[in-house]
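# Structural overview
Now for the letters of each chain:
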Amino acid sequence: TGTTAAGNITVPVNPAFMLIAVVNGSEYIYWSEYAQQNTSGGVRRIRTDPSATETADTVVNGLTFPAGIATDGTNLVIADSGGGEASIGQVIRVPLSFTSGSTPLTPTSPTANVIGVVTGEQAIARPFDIVYDGSTGFFFTEGNAIETSGLGATGSNNGTVRYLPQSGAPNARVVVSGVTNGAGIEVRNLGNGNRGILYSESIVSTGRIMRAVFNVNTPTLVTPGVVDTGIDRPLDVVIPDPTIPVFGGLINYNGGQANGRLTVYAPGP
């Protein structure tokens, strides 16, 4: 309904992604809201406590198509699919903590970082989903965009999966190249610096769910493997447990018909 039990929140406009985080001892829901062809999108939050009386905070504004959001408990990282100087998207890192009633942050705020890229790599374009790996940094997909008619895409294989270290220079590096319409992503710690990556390529009729292993200690470009192919617009993916070889995928996003499905992938008998 867009309200808490206390009723102190206006109805979200085009909400996209959400997360739950504890800030200064209170639990909050953070969510992204995208706008249509302008920069009035942003990230808002409100306490989960049904007895809370404060209104929702606008934490970040001045974004175009904010989609995926993630946190390491200190930072909030946002994939803005259509923002930035060239309107092809940007990734922004801001503090997770926020004082209710304060002026919202923007990409140009002193405490904000617009994420760059490793020297020699292509500019970030159409970032969509982003996740924290639990200890060292963030992974995000590129190539998709939220458009006025739903989930659009660049239509080429120029997307990537990138890794943004938690500390050091705010620069992301390409983990997987040649990604078409990169959408959902999930990452799990496999030990010894290895991260298991699962992501989707949201293509009409010929979409794919892919997987790869990347080592954060010796970062190099990796070649992914195919989990499934020939599926219609797979959007999100999930890894329930890194020790159990079972994956999930949401198929046929924005199909407009009752033919979507949740598929679980597991080893055969």
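Residues numbered from 1 in each chain as written. Predicted model: local features only at pLDDT ≥ 70, side-chain atom pairs only at ≥ 80, totals over all residues. Heavy atoms only, no water.

### Here's the deal with the overall build of the protein chain
Within the protein chain, the secondary structure is distributed over zero helices and 22 strands. Scored against the burial criterion, the 269 residues of the protein chain give a buried share of 47%. Sequence-distant contacts in the protein chain: of pairs separated by 6 or more residues, those separated by 24 or more amount to 45%. As presented, the protein chain carries roughly 12,000 Å² of accessible surface, and 51% of it is formed by carbon and sulfur atoms. (Helix = DSSP H or I, 4+ residues; strand = E, 2+ residues; numbered from the N terminus. Buried < 20%, exposed > 50% of the residue type's maximum accessible area, 1.4 Å probe, protein only. Contact = heavy atoms within 4.5 Å. Areas by Shrake-Rupley, 256 points an atom, 1.4 Å probe, with all protein chains shown as cover.)

### Concerning the sheet that holds strand β17 (residues 194-201)
Taken in spatial order, the four strands of this open sheet run β16-β17-β18-β19, and their pairing is antiparallel. Two strands bound the open sheet, and with one partner strand each, they are β16 (182-191) and β19 (225-231). Across this sheet, the average inter-strand angle for adjacent strands is 15°, counted without regard to direction. Sheet topology places β17 next to strand β18 (residues 207-215); eight bridges connect them, and they run antiparallel. Each residue of the ladder has a partner; that of Tyr199, found in β18, is Met210. (Pairing = 2+ DSSP bridges. Axes fitted to C-alpha atoms, helices over the stretch in contact; angles between N-to-C directions.)

### Side note on the environment of Asn158
Within the secondary structure, Asn158 is located in the loop between β13 (150-153) and β14 (159-165). Through-space distance from the C-alpha of Asn158 to that of Ser177 is 7.2 Å; in sequence the pair is 19 residues apart. Setting aside residues no more than four positions away along its own chain, Asn158 makes contact with Gln122 and Val179.

### Considering the pattern of salt bridges
Applying the stated criterion to the full structure yields nine salt bridges. A single salt-bridge network, built from bridges that share partners, covers Glu121, Glu142 and Arg162. (Salt bridge = Lys/Arg side-chain N within 4 Å of Asp/Glu carboxyl O.)

### A few points about the confidence of the model for the protein chain
Here the protein chain averages 86 in pLDDT, while 88% of its residues score no lower than 70. Between the elements of the protein chain, mean pLDDT differs from a low of 54, seen in β13, to a high of 97, seen in strand β11 (residues 137-142). (pLDDT = per-residue confidence, 0-100.)

### So, the packing of aromatic side chains
In the structure shown here, the tally under the stated rule is seven aromatic pairs. Aromatic side chains Tyr132 and Phe138 sit 5.2 Å apart centroid to centroid with 40° between the ring planes, which places their arrangement in the tilted category. Judged by its relative accessible area of 22%, Tyr132 is partly exposed. Between the aromatic rings of Tyr163 and Phe214, the centroid separation amounts to 5.5 Å while the plane-to-plane angle is 55°, which identifies the pairing as tilted. You can see Tyr163 sitting in strand β14 and its partner Phe214 sitting in strand β18, a full 51 residues away along the chain. Classification of Tyr163 as buried rests on a relative accessible area of 5%. Taking relative accessible area as the criterion, Phe214 reaches 1% and is therefore assigned buried. Taken together, Phe139, Tyr163 and Phe214 form an aromatic cluster joined through their ring pairs. (Phe/Tyr/Trp six-rings, centres within 6.5 Å; stacked < 30°, edge-to-face > 60°.)

### Let's talk about the sheet that holds strand β21 (residues 247-251)
Here we have three strands laid out as an open sheet, ordered β20-β21-β22, and antiparallel in their pairing. Among the strands making up the open sheet, the edge pair consists of β20 (237-238) and β22 (261-265). Relative to β21, β20 is paired through two bridges, and the arrangement is antiparallel. If you follow Val238 over to β21, its bridge partner there is Gly248.

### Notes on the pairing of β14
It is a general feature of regular strands that their side chains alternate between the two faces of the sheet. The element β14 is extensively covered by neighbouring structure, given that six of its seven residues are classed as buried. One ladder, built from five bridges, connects β11 with β14; its direction is antiparallel. Looking at β14, one finds that Phe140 is bridged to Arg162. One ladder, built from four bridges, connects β14 with strand β15 (residues 171-179); its direction is antiparallel. Bridged to Tyr163 within β15 is Arg173. Joining the antiparallel neighbours β14 and β15 is a turn of five residues, in which Gly168 adopts a positive phi near 90°.

### Thoughts on the side chain of Glu201
Position of Glu201 relative to the elements: it lies in strand β17. Polar contacts involving the side chain of Glu201 include one to the side chain of Arg208, which spans 2.7 Å. (Polar contact = N/O pair within 3.5 Å; in protein donor to acceptor, adjacent residues only side chain to side chain.)

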